[in-house]
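Working through the structure, step by step
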Amino acid sequence: MAVRDYIRQRFFPHLWCPGCGHGIVLNNLIRALEKLGIPKNDIVMVSGIGCSSRISTYVDFHSLHTLHGRALAFATGVKMARPDLHVLVPMGDGDALAIGGNHFIHAARRNIDITALVMNNHVYGMTGGQYSPLLEFGEKAATAPFGNVDQAFDVVELARAAGATFVARATTYHAASMQQIFEQAITHKGFSVVEVLTQCPTYYGKYSKIGGAVEMMERLRDGTTPVGSQAKKENPALVERGVFVREERPEYCSEYAKLIERASR
Ligand SMILES: Cc1ncc(C[n+]2csc(CCOP(=O)(O)OP(=O)(O)O)c2C)c(N)n1
Ligand code: SF4
């Protein structure tokens, strides 16, 4: 199957602004699925609301475009009804970790076999660039013009602590490794989380004064380093990217099937 076969061409041109990172995520996700050879009828994409969540409009899979913050709740229902299908959940940082934070930690705790993609642009892009729980302390956004006084979440640490069995971080600058990480996350049996550091030049780039898409991607290039690198030891401010957690643990749907079996004896 060719990459274009995974796309709903009738919904193009897409709604993303020029330079938005979300299209890079869509591109790498489709390339990963094409490389893995997963038939599109075996994939369900469930999303909430946000610029990032719009990905579900553009892919020719079974798709549900649901409520802001609730994608993982819908996805849990889909996966429990049809554990044989691959369930992918693209979310913005607001969708996943502000309004959706509770669903996120409990999906991780259950280790349900869902692939969660957290597209972290630090703001609520769709509604005008308000800061999300992932905006770093001191940074500026539409609702933090004098600097953010809240502390940010680290998605990787949160997912690890909550029980996710595959946890990774990619960036839109490092597109080739993003595709490889997606392949590993999709084939992992259990709750997998990939945080993708991405850019919203329209709001975050403007209000933070970082600049346009190019400057934002240069920041991802210069501000990140492979996990466990010497550079991180020399400069602790660098953000690590790569795979942080890969573990085998009982998966929720498999355990639930065993429970039904025990109860039916
Ligand atoms: C229950 C509910 N609350 C608030 C909104 C308004 N809303 C729509 S998208 C969004 C935030 C989007 O930010 P994020 O999830 O980070 O995705 P991005 O647009 O940055 O990709 C909000 C607050 C909504 N649609 N529904
Ligand atoms: S507002 Fe930001 S996140 Fe939304 S499409 Fe534009 S650049 Fe992307």
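Positions within a chain are numbered from 1, following the residues in the order the chain's sequence is written. Here the convention is simple: chains get letters from A, ligands get numbers from 1, in the order in which they are written. Local features in a predicted model are, by the rule used here, given only for residues with pLDDT of at least 70; side-chain atom pairs are given and counted only at 80 or more, and totals for whole chains, interfaces and linings are based on all residues. The side-chain figures draw on all heavy atoms in the structure; neither hydrogens nor water molecules are used.

**Section: unusual backbone geometry**
The amide bond that connects Phe-12 to the next residue, Pro-13, takes the cis arrangement and shows omega of 5 degrees. As for its position among the elements, Pro-13 is in the segment before α1 (22-36). The phi torsion at Lys-209 lies on the positive side, around 65 degrees, for a residue other than glycine. Where helices and strands are cited, they refer to DSSP runs of H or I of at least four residues and of E of at least two residues respectively, numbered from the N terminus. If you trace the backbone, Lys-209 turns up in the loop between α8 (201-208) and α9 (213-223). Classification of residues uses two cut-offs on accessible area relative to the type maximum, computed with a 1.4 Å probe and protein chains only: under 20% is buried, over 50% is exposed, and between them is partly exposed. A residue is classified by how much of its surface remains accessible, and Lys-209, at 69% relative accessible area, is exposed.

**Structural notes on the packing of helix α5 (residues 101-110) against helix α6 (residues 155-162)**
To define axes, lines are fitted to C-alpha atoms, for helices over the stretch in contact only, and angles between the resulting N-to-C directions are given on a 0 to 180 degree scale. Closest axis-to-axis distance for the α5/α6 pair is 8 Å, and the angle between their directions is 50 degrees. If you check the angle between α5 and α6, you find them oblique. When α5 is examined against α6, the residues Phe-104, Ile-105, Ala-108 and Arg-109 are found in contact with a partner set consisting of Val-155, Leu-158, Ala-159 and Ala-162. Partitioning the contact of α5 with α6 into residue classes produces 7 nonpolar, no polar and 1 charged. Angular relationships are summarised with four words: roughly parallel below 35 degrees, roughly antiparallel beyond 145, roughly perpendicular across 65 to 115, and oblique for the angles in between. Here, residues are in contact when the closest pair of their heavy atoms is within 4.5 Å. Here the nonpolar group is Ala, Val, Leu, Ile, Met, Phe, Trp, Tyr, Cys and Pro; Asp, Glu, Lys and Arg are the charged ones; every other residue, Gly included, is treated as polar.

**Here we look at the nonpolar core**
By size, the foremost hydrophobic cluster in this structure holds 31 residues, and its most contacted members are Val-89, Phe-104 and Phe-191. At the level of secondary structure, the elements contributing two or more residues to this core comprise β1 (43-47), α3 (71-81), β3 (86-92), α4 (93-97), α5, β4 (115-120), α6 and β10 (239-246). By nonpolar core we mean a set of buried residues, namely Ala, Val, Leu, Ile, Met, Phe, Trp, Tyr and Cys, connected to one another through side-chain atoms within 4.5 Å. If you look at the next biggest cluster of nonpolar residues, it comprises 30 residues, including Tyr-6, Ile-55, Val-59 and Leu-117.

**Structural notes on the sheet that holds β1**
What links the strands of a sheet is backbone hydrogen bonding, and the strands pair in either a parallel or an antiparallel sense. By the convention used here, strands pair only if DSSP detects at least 2 bridges between them. Reading across from one edge, β2-β1-β3-β4-β8-β7-β10-β9 is the order of the 8 strands in this open sheet, with mixed pairing throughout. The outermost strands of the open sheet, each flanked by one partner alone, are β2 (62-65) and β9 (224-226). Going across the sheet, the axis of each strand differs from the next one's by a mean of 20 degrees, ignoring polarity. Strand direction decides the pairing type here: β1 and β3, joined by 3 bridges, are parallel. Paired with Val-44 across the bridge in β3 is Val-87.

**Some words on the environment of Val-193**
As for its position among the elements, Val-193 is in strand β8 (residues 192-197). Val-193 gets classed as buried once you look at its relative accessible area, which sits at 1%. With 158 residues separating them along the chain, Val-193 and Lys-35 place their C-alpha atoms 20 Å apart.

**A closer look at the site of ligand 1**
What surrounds ligand 1 is a group of 17 residues, the closest being Cys-51, Ser-52, Gly-94, Asp-95 and Gly-125. Any N or O atom pair separated by 3.5 Å or less is treated as a polar contact, with the protein-specific requirement of one donor-capable and one acceptor-capable atom, and with residues adjacent in sequence counted only for side-chain atom pairs. Note that an oxygen atom of ligand 1 is positioned 3.0 Å from one of the backbone N or O atoms of Val-123. Here Met-126 contributes a backbone N or O atom positioned 3.0 Å from an oxygen atom of ligand 1. Bound to the protein, ligand 1 loses 73% of the 590 Å² it would expose on its own. Mapped by element, the contributors of at least two residues to the shell around ligand 1 are α4 and β5 (123-124). No other element matches the 3 residues that α4 contributes to the shell around ligand 1. We call a residue near a molecule or strand whenever a single non-hydrogen atom of that residue lies within 4 Å of it. Note on areas: Shrake-Rupley with a 1.4 Å probe; residue coverage comes only from the protein chains shown.

**Digging into the site of ligand 2**
Around ligand 2, the structure places Trp-16, Cys-17, Cys-20, His-22, Cys-51, Asn-121, Gly-125, Cys-200, Pro-201, Thr-202 and Tyr-203. When residues of the shell around ligand 2 are assigned to their parent elements, the largest contribution, 3 residues, is made by α8. Here the residues of the shell around ligand 2 sort into 7 nonpolar, 4 polar and no charged.

**Side note on the pattern of salt bridges**
Salt bridge, as used here: a side-chain nitrogen of Lys or Arg that lies within 4 Å of a carboxyl oxygen of Asp or Glu. One pass over the structure, following the stated rule, counts 12 salt bridges. The partner of Lys-40 in a salt bridge is Asp-60, and the shortest N-O contact between them spans 2.8 Å. A residue pair is termed long-range when its members are at least 10 positions apart, and Lys-40 in the loop between α1 and β1 and Asp-60 in the loop between α2 (55-58) and β2 qualify at 20 residues. The salt bridge partner of Glu-157 is Arg-160, with a shortest N-O separation of 3.4 Å.

Read these as geometric descriptors, not functional statements.
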